[in-house]
Protein chains: 2
Amino acid sequence: MQSLPARDAIAVIFVSMRTDADESGYGAAADAMERLGSVQPGYLGIDSARGADGLGITVSYWADEESAVTWRRNAEHAAIRALGRERWYAHYQLIVARVTRAYEWQRPDDRANS
Amino acid sequence: MQSLPARDAIAVIFVSMRTDADESGYGAAADAMERLGSVQPGYLGIDSARGADGLGITVSYWADEESAVTWRRNAEHAAIRALGRERWYAHYQLIVARVTRAYEWQRPDDRANS
């Protein structure tokens, strides 16, 4: 789990339904996107989950709107996005939102292990 | 996948790591929370995914800040939340954010099936 984003950080929520196609290509591209995103200016962190029903949610956090937009315009990002439409996704939504508050709770016994 | 939220809707992002405890109790409570939330004023929709590593992401959408806060204060919600801390979660984050833009793409061939 990434660090808690501060107020006014930008959360980019990507909700997607996979096709059945090209599982290994998808996995490699998802890893590449995560590596590539993590070195962009303003990148704060990412969390991702995909359930057995094929629905996935990825949330990435950015320092400000400008850094999120710069990442959207990145050429390698655009190329992988085009492959995503061609092969991997049946349906997706991208929701951009500005953090107004954030809260975290951790089980006391688990703090030593995280 | 829920309908795309409009600008200025509130996204409540809940990122959680489960304990191993009480899988059936957790599933029943998660279903109850979803039913209970879906009849609250201002509820717009919810998407949820949990991967094999135990990390889950749930995003619920609300018409405005007031409806999200009212749901947070709901007594049944508070009771289930207390059980969540006691039993089901090792760690969670709750991030509240205001939607600034949203975009959707759907594979043309799949439109008839959704």
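As a reminder, the structure under discussion sits directly above these lines.
Residues numbered from 1 in each chain as written. Chains lettered and ligands numbered in written order. Predicted model: local features only at pLDDT ≥ 70, side-chain atom pairs only at ≥ 80, totals over all residues. Heavy atoms only, no water.

*Asks:* Break down the pattern of salt bridges for me, with residues and values.
*Replies:* For the coordinates displayed, the defined rule picks out 6 salt bridges over all chains. When the shortest N-O distance is used, the salt bridge between E65 of chain A and R101 of chain B registers 2.2 Å. Taken as a pair, E65 of chain A in helix α2 (residues 65-73) and R101 of chain B in strand β4 (residues 89-106) lie in two separate chains rather than in one. Relative accessible area serves as the criterion here: at 29%, R101 of chain B is assigned to the partly exposed category. For R18 of chain B, the salt bridge is made with E23 of chain B, and the minimal N-O distance between the two is 3.1 Å. (Salt bridge = Lys/Arg side-chain N within 4 Å of Asp/Glu carboxyl O. Helix = DSSP H or I, 4+ residues; strand = E, 2+ residues; numbered from the N terminus. Buried < 20%, exposed > 50% of the residue type's maximum accessible area, 1.4 Å probe, protein only.)

*Asks:* A description of unusual backbone geometry should follow, citing residues and the corresponding values.
*Replies:* Even without a glycine there, the phi angle at D8 of chain A is positive, about 80°. In this structure, D8 of chain A sits in the segment before β1 (10-18). Looking at D8 of chain A, the relative accessible area reads 39%, which means it is partly exposed. Unlike most non-glycine residues, D22 of chain B shows phi in positive territory, near 55°. Topologically, D22 of chain B is positioned in the loop between β1 (10-18) and α1 (23-38).

*Asks:* I'd like to hear about the interface of chain A and chain B, residue by residue, with values.
*Replies:* Taken together, the 49 residues of chain A in the interface contact 49 residues of chain B. Where chain A abuts chain B, roughly 4000 Å² becomes buried across the two surfaces, and 55% of that area is made up of carbon and sulfur atoms. On the chain A side of the contact with chain B, M1, R101 and W105 of chain A bury the most area, a combined 19% of that side's loss. The interface formed by chain A and chain B contains 2 salt bridges. Mapped onto the side of chain A that touches chain B, the elements with two or more residues apiece are β1, β2 (43-50), β3 (55-62), α2, α3 (75-88) and β4 (89-106) of chain A. Of the residues contributing to the side of chain A that touches chain B, the split by class is 25 nonpolar, 12 polar and 12 charged. The pairing of β4 of chain A with β4 of chain B spans 15 bridges and is classified as antiparallel. Opposite V99 of chain A, over in β4 of chain B, you have A97 of chain B as the bridge partner. (Contact = heavy atoms within 4.5 Å. Buried area = accessible area lost by both parts, 1.4 Å probe. Nonpolar A, V, L, I, M, F, W, Y, C, P; charged D, E, K, R; others polar. Pairing = 2+ DSSP bridges.)

*Asks:* Please give an account of the packing of helix α1 (residues 23-38) of chain A against α3 of chain A that cites residues and values.
*Replies:* Residue and element names in this part refer to chain A. Put simply, α1 and α3 touch, their axes get as near as 11 Å, and they point 155° apart. In terms of axis orientation, α1 runs roughly antiparallel to α3. In this structure, α1 meets α3 at a crossing whose hand is left-handed. Here G25, Y26, A29, A32, M33 and L36 of α1 lie close against α3, whose contacting residues are E76, H77, I80 and W88. Counted by class, the contact of α1 with α3 contains 7 nonpolar, 2 polar and 1 charged residues. (Axes fitted to C-alpha atoms, helices over the stretch in contact; angles between N-to-C directions. Parallel < 35°, antiparallel > 145°, perpendicular 65-115°, else oblique. Left-handed = near helix turned anticlockwise from the far one by under 90°.)

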